[in-house]
Amino acid sequence: MSETQHTEKESSFQQQVWETLSAINVNDKVEKKSGLSYLSWAWAWGVLMAHYPESYYVIDAVSYNNDGSAMVSLTHEFRTNK
């Protein structure tokens, strides 16, 4: 498979994921805190796994702030043979 075909295949899969997940009505799952609206990470991850059980995440490097707090970021990936 050429790099162009591989990129198109990945792009179409990413588009499929977007179309699947963005169609889900989350209105009854929106939470509010400090004037911000958000979805629980655990709930959102559960929905993702219900549709794409081959998903996984990698915990990236933790960065520590001067105030003692820390920020953790995740990278989401799929194991797929599609």
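Please read all numbers here as calculations on a predicted model, not as lab measurements.

## Some details on the pairing of strand S2 (residues 36-39)
- As defined by bridge partners, strand S1 (residues 30-33) adjoins S2 across four bridges and the pair is classed as antiparallel. If you follow Glu 31 over to S2, its bridge partner there is Tyr 38.

## Topic: unusual backbone geometry
- Within the chain, Ser 34 stands out as a residue other than glycine whose phi angle is a positive 50°.
- The class for Ser 34 is exposed, based on a relative accessible area of 72%.

## With respect to the confidence of the model for the protein
- Averaged over all residues, the pLDDT of the protein equals 86, while 84% of them reach at least 70.
- Least confident of the elements in the protein is helix H1 (residues 3-22), whose mean pLDDT is 77; most confident is S1, at 96.

## Here's the deal with a nonpolar patch on the surface
- Where nonpolar side chains cluster on the molecular surface, the patch consists of Trp 41, Tyr 57, Ile 59, Val 62, Tyr 64, Val 72 and Leu 74 and spans about 730 Å² of accessible area.
- Relative to the helices and strands, Val 62 resides in the loop between strand S3 (55-59) and strand S4 (63-64).
- Judged by its relative accessible area of 39%, Val 62 falls in the partly exposed class.

Cut-offs and rules
- Residues numbered from 1 in each chain as written.
- Predicted model: local features only at pLDDT ≥ 70, side-chain atom pairs only at ≥ 80, totals over all residues.
- Heavy atoms only, no water.
- Pairing = 2+ DSSP bridges.
- Helix = DSSP H or I, 4+ residues; strand = E, 2+ residues; numbered from the N terminus.
- Buried < 20%, exposed > 50% of the residue type's maximum accessible area, 1.4 Å probe, protein only.
- pLDDT = per-residue confidence, 0-100.
- Patch = residues over 30% accessible without salt bridge, like charges linked within 9 Å, V, L, I, M, F, W, Y side chains within 5 Å.
- Areas by Shrake-Rupley, 256 points an atom, 1.4 Å probe, with all protein chains shown as cover.
- Salt bridge = Lys/Arg side-chain N within 4 Å of Asp/Glu carboxyl O.

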